[in-house]
Amino acid sequence: MQKTIWTAKNIPNLNGKVAVVTGGNSGLGFETAKALASNGAEVIIACRSVERGEVAKEIILQLVPSGTIKVLHIDLMNLESVQRFAREVKSIYARLDILINNAGIMISPYALTADGFESQMGTNHLGHFALTGHLLELLKATPNSRVVTVSSLAHKQWNISFGNNLCEREESYNRFRAYARSKLANLLFAYQLQRNFDSHSINCLSLAAHPGASHTNLGRYMESNVFIKLFRPLIERILPSAAAGALPQLRAAVDPMVKGGQFFGPSGFMQLSGSPVVIKSSKNSYRTDDAVRLWDFSEELTGVKYEW
Ligand SMILES: NC(=O)c1ccc[n+]([C@@H]2O[C@H](COP(=O)([O-])OP(=O)(O)OC[C@H]3O[C@@H](n4cnc5c(N)ncnc54)[C@H](OP(=O)(O)O)[C@@H]3O)[C@@H](O)[C@H]2O)c1
């Protein structure tokens with residue numbers, strides 16, 4: 001599997017499959033929604049602005065007139081909204097083949113979610129933890145379903161901390177560390193989810209992916225940086241496209257050869273770009289004691305208990 005060049009052309013026919021893509025209106029999520037819809041899947045764009053979601057839907061439908069796309073509201077910074085979204089999905093669909101936990105924010109200034117979590121951990125990890133738990137019933141009802149959680153190379157930069165309910169404190173807030181920890185949490189969660197599927201004999205795979213570096217709206221909180229302002233046109237030209245960055249999560253979502261617990265990323269220099277392949281994550285991300293602790297914490301903090 002490692003040696004072949006995998007592109008969007010390798011995506012199989014997805015007719016009859018239902019997919020949810022969080023943050024499907026922008027960047028990697030948009031490209032993922034587009035690629036899944038182009039190959040026949042019915043795609044739910046899960047987004048915090050229905051208006052931006054509808055614009056994304058229209059653009060995709062212009063390219064893929066036969067596509068089936070639904071836009072539903074979710075705010076991952078609000079657990080009530082996450083539950084409402086899941087309830088809506090369950091009221092419309094009897095199956096869920098692919099859940100892509102893609103939405104995210106990066107190095108944002110200190111802020112709290114509606115439930116009082118630091119916003120990067122709250123959005124990137126806890127919101128998706130709650131969402132996956134609420135959708136478990138549908139995933140279990142769908143043979144060979146998959147959950148793909150999007151992490152980042154940044155996960156390597158820190159370990160996890162269980163102090164202050166998993167979250168950075170305002171007085172010592174470091175937005176880079178908070179992002180890195182949330183992306184490590186994504187991996188600990190994805191691997192533990194697979195272990196839980198295995199131990200409960202559930203026919204569902206959990207995978208993780210990272211895009212390397214690609215040109216999306218994720219850098220919005222870096223806009224004020226003078227260096228970024230100055231070199232922006234050059235950076236935009238050098239960075240791989242969002243379509244290229246979406247390939248690892250697409251491969252994890254649809255390649256029939258994948259195995260649960262695998263992590264996909266680009267094969268090129270420093271994993272920044274290239275064809276998506278199975279890669280290794282940091283040592284910390286494979287720590288099962290941390291993964292179990294994170295899981296228990298996440299259930300407690302979100303109030304979402306997985307019903308295996
Ligand atoms: N681009 C890269 O180089 C890179 C590198 C490593 C990892 N990643 C990961 O890739 C994923 C996708 O990011 P991207 O690069 O595609 O960035 P993006 O273009 O900014 O897309 C992020 C998406 O997440 C949505 N989102 C943010 N907060 C949300 C909330 N509270 N509730 C619901 N949706 C929310 C955004 O909605 P709005 O459009 O409404 O803001 C947007 O649709 C993230 O998990 C990120 O950590 C990206």
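Check the entry above for the structure.
Residues numbered from 1 in each chain as written. Predicted model: local features only at pLDDT ≥ 70, side-chain atom pairs only at ≥ 80, totals over all residues. Heavy atoms only, no water.

(A) Geometry of the side chain of Asn-101. Mapped onto the elements of the fold, Asn-101 is located in strand β4 (residues 98-101). For Asn-101, the side chain forms a polar contact with the side chain of Thr-132, separated by 3.1 Å. Excluding anything up to four places from it in sequence, Asn-101 contacts Thr-22, His-128, Leu-131, Thr-132, Val-147, Val-148, Thr-149, Val-150 and Phe-189. (Helix = DSSP H or I, 4+ residues; strand = E, 2+ residues; numbered from the N terminus. Polar contact = N/O pair within 3.5 Å; in protein donor to acceptor, adjacent residues only side chain to side chain. Contact = heavy atoms within 4.5 Å.)

(B) Spatial organisation of the sheet that holds strand β7 (residues 263-266). With mixed pairing, the eight strands of this open sheet are ordered in space as β3-β2-β1-β4-β5-β6-β7-β8. At either end of the open sheet lies a strand with only one pairing partner, and these are β3 (68-73) and β8 (276-278). Averaged over all pairs of adjacent strands, the angle between strand axes in this sheet comes to 20°, irrespective of strand direction. As defined by bridge partners, strand β1 (residues 18-22) adjoins strand β2 (residues 42-47) across five bridges and the pair is classed as parallel. Note on β2: the bridge partner recorded for Ala-19 is Val-43. Here helix α2 (residues 50-63) sits on the sheet in contact with β2 and β3, set at roughly 170° to β3. In the packing of helix α5 (residues 175-199) onto the sheet, contacts are made with β4, β5 (145-150), β6 (204-209) and β7, and the angle to β6 comes to roughly 160°. (Pairing = 2+ DSSP bridges. Axes fitted to C-alpha atoms, helices over the stretch in contact; angles between N-to-C directions.)

(C) Up close: the nonpolar core. Ile-44, Phe-85, Val-89, Leu-96, Leu-99, Leu-166 and Tyr-306 are the most contacted members of the largest nonpolar core, which totals 46 residues. Residue assignment for this core shows that the elements contributing at least two residues are β1, β2, α3 (79-92), α4 (119-140), α5 and α9 (288-302). Considering each element in turn, this core owes the most residues, nine residues, to α4. If we ignore the near neighbours within four places in the chain, the residues touching Leu-99 are Val-20, Leu-131, Thr-132, Leu-135, Leu-139, Arg-146, Val-147 and Val-148. Ile-11, Phe-30, Ala-37 and Leu-247 belong to the second largest nonpolar core, which has 33 residues in total. (Core = buried A, V, L, I, M, F, W, Y, C linked by side-chain atoms within 4.5 Å. Buried < 20%, exposed > 50% of the residue type's maximum accessible area, 1.4 Å probe, protein only.)

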